Amino acid sequence: MRGLLASEFRRFRSRRLVKVLIALELLAIVATGVIVFLTQEYALVGLPDVLMGTSLVLVSVGWILGASAIGADWHAGHVTTILSWEPRRGRVLFAKIAAALTGVFVLSLAIQALLGIALAVAAAGAGSTTGTDAAWLAESTGVALRVAALSTIFAGFGFGLASAGRNTAVALGVGFGYLVIVENLVRGLRPQWTPWLLTDNAGLFVVDSPIDFPLLGRSTIGAGLYLATVGATLLLAASALFRTRDVN
Amino acid sequence: MDTVIEVEGLRKEYRRVRGNRTVALDGLDLAVPRGGVFGFLGPNGAGKTTTIRCLLGLVRPSGGRCRLLGEEPSGLHRVIGRVGSIVESPTMYPRFSARRNLELLGRISGVGRARVREVLDEVGLAERADDQVKTYSLGMKQRLGVAGALLKDPEVLILDEPANGLDPAGIVEVRELMRRLGSQGRTVFVSSHILNEVQQTADRLAILAKGRQVATGPVYEVLTAGHATGLLVRLDDVAEGLRILGEAGIDARVDDGLIRVGLPPADAARVTRTLADRGLYLTELRADEADLETVFLELTGGASTEGSR
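Scoring rules and cut-offs
Residues numbered from 1 in each chain as written. Chains lettered and ligands numbered in written order. Predicted model: local features only at pLDDT ≥ 70, side-chain atom pairs only at ≥ 80, totals over all residues. pLDDT = per-residue confidence, 0-100. Pairing = 2+ DSSP bridges. Helix = DSSP H or I, 4+ residues; strand = E, 2+ residues; numbered from the N terminus. Axes fitted to C-alpha atoms, helices over the stretch in contact; angles between N-to-C directions. Contact = placed C-beta atoms within 7 Å. Core = buried A, V, L, I, M, F, W, Y, C linked by C-beta atoms within 7 Å. Buried ≥ 20, exposed ≤ 12 C-beta atoms within 10 Å, placed from the backbone. Expected span 1.5 Å × (residues − 1). Bend = angle between axes of the 7 residues up to and from the residue.

**With respect to the confidence of the model for chain B**
Next, step 1: Residues at a pLDDT of 70 or more form 94% of chain B, whose mean pLDDT is 84.
Next, step 2: For this predicted complex, the interface confidence comes out at an ipTM of 0.78, alongside a pTM of 0.80.

**Comments concerning the sheet that holds strand β1 (residues 3-15) of chain B**
All names here are of chain B.
Next, step 1: With respect to topology, three strands assemble into an open sheet ordered β2-β1-β4, the strand pairing being antiparallel. Every interior strand has two partners, whereas the edge strands, β2 (21-33) and β4 (63-68), have only one. Strand-to-strand twist across the sheet, computed as the mean angle between neighbouring axes with direction ignored, equals 20°.
Next, step 2: Pairing between β1 and β2: ten bridges, direction antiparallel. Bridging across to β2, Leu10 finds its partner in Leu28.
Next, step 3: Helix α1 (residues 48-55) contacts β1, β2 and β4 of the sheet and is inclined by roughly 110° relative to β1.

**A short note on the nonpolar core**
Next, step 1: Among the nonpolar cores identified, the biggest contains 139 residues, and A:Ala100, A:Leu119, A:Phe159, B:Ala147, B:Val188, B:Phe189 and B:Leu205 are the most heavily contacted of them.
Next, step 2: Counting residues per element, this core draws most heavily on helix α6 (residues 89-126) of chain A, which supplies 15 residues.
Next, step 3: If near-sequence neighbours (up to four positions away) are discounted, B:Phe189 is found in contact with B:Ile5, B:Val32, B:Phe38, B:Phe40, B:Val156, B:Leu157 and B:Ile158.
Next, step 4: Judged by nonpolar contacts, the second largest core, of nine residues, contains B:Val233, B:Leu235, B:Leu245 and B:Ile259.

**Here we look at the environment of A:Val206**
All names here are of chain A.
Next, step 1: Summarising the element assignment, Val206 is placed in helix α9 (residues 198-207).
Next, step 2: In the structure, Val206 is positioned 14 residues away from Thr220 in sequence and 8.0 Å away in space, judged by C-alpha atoms.
Next, step 3: Beyond its immediate sequence surroundings of up to four residues, Val206 is in contact with Met52, Ser55, Arg146, Val147 and Leu150.

**Some points on helix α8 (residues 168-189) of chain A**
All names here are of chain A.
Next, step 1: The end-to-end C-alpha distance of α8, which contains 22 residues, comes to 30 Å, matching closely the 32 Å that a straight helix rising 1.5 Å per residue would cover.
Next, step 2: Of all the bends in α8, the greatest, near 35°, is centred on Tyr178.
Next, step 3: Among the residues of α8, those classed as buried are Thr168, Ala171 and Gly175.
Next, step 4: In this structure, the buried residues of α8 make contact with α4 (55-76) and α7 (134-165).

Written out as structure tokens, the structure is:
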């Protein structure tokens, strides 16, 4: 099992998609730092809001990486090769899930940390660092952890759908269709179902302000647990399918 | 007989749209003894790859049993470290190098980098080991697949069409590799449609048609089963040769300028001695037996079942 995990972690690190997305995010961080430095107006005390603003990008990246972690293997036929080395399918899927979700969590956290450092440097040089006390640091850290957790949960959604559909595009298409079309329709036509919408719960989990999401009727932790439960259910269903279906 | 692959009444049905079913395996029986090269032949769609997928636990049989090194698919993890395989076209990550691909696979079972170097060298990919696999030719990808199958230093190798995409030199290399591996005491189970290769390489074979075994045994026995065997003799003086053989009580007749002798190839020495004692020296002597292609076409009806299964 250790060898399988090591192999999957190494593969995740080596993937071109991961490298490209990291490069793009680093580019965005550098550009943000330069713009902030040039405008000379940035107050570092607003960092938590900036980190919240990264959530959409990081959640999208998490979904893509989660989906492609298994979807690319199905597409290339590599699942057959792996199973001829480790026929216990539960272990194979667990290793892939562990590598993908851990990778997305670490990546999301690292990207936010780099963004924070870039903004801190820019603010220290040509802005304001007033108000950056211990409470600010705790709040910033909390936001970064919640955003990283959310992108990890959405990576689980992507992984589960791609595993069941045996294709990355299935996960991306279903995800886009559900989140953008179905949830918006439900929100307009059946507002009483709002507590079960992923996007609203994700918003509450990141913003950490239940008062701004009165229809949900749950706490920030409750929203996070709900999302995690949906993600775990999806992964369990994908695992059951992976263990029982033929690999042709 | 110590068998490494045992298949009993193996059946596999696939459900198709509108509830239709296609039968890929229809009660297949198979026993592969330990050691040597075992050829697994059949037309496209006969069920060769499905059999291999069942053995490796990739597809679930609809009925019957199959065991690899004594383990059914549910216990395959106990013996998988002793089995190397290629199923159809070997798949590796195209943007990784051959070395990285093999290292990733090797890490699963704790196979080290030294062994990766060995197998890359063994299949002739050492010089291109650090190039991306997507730049490889089909034949090179096939060799990489063979390297992956050899990585665990397995006692059983299951190779599904290993010569696919290889040029003539590559086919010869794979043939020699299979012979070498078979002679080392390993069992090489190879499915192929290149009959000539199997005839030259395999010690035993099984022929599959419509999901069932239609012949199995040592290559020579399969080739001679149901076929008259004999010897073909070429002489300058055919009439005299025919007379001498007749006087010696050997069944012989003229056939297309040659003498067809009704003795098994093992009795060739008796024919040469009989003729030489009477001052006749033959210019050609060869076994008169069906080749694998003829036998194969007779047993399988000659038709591919691809698309109907």
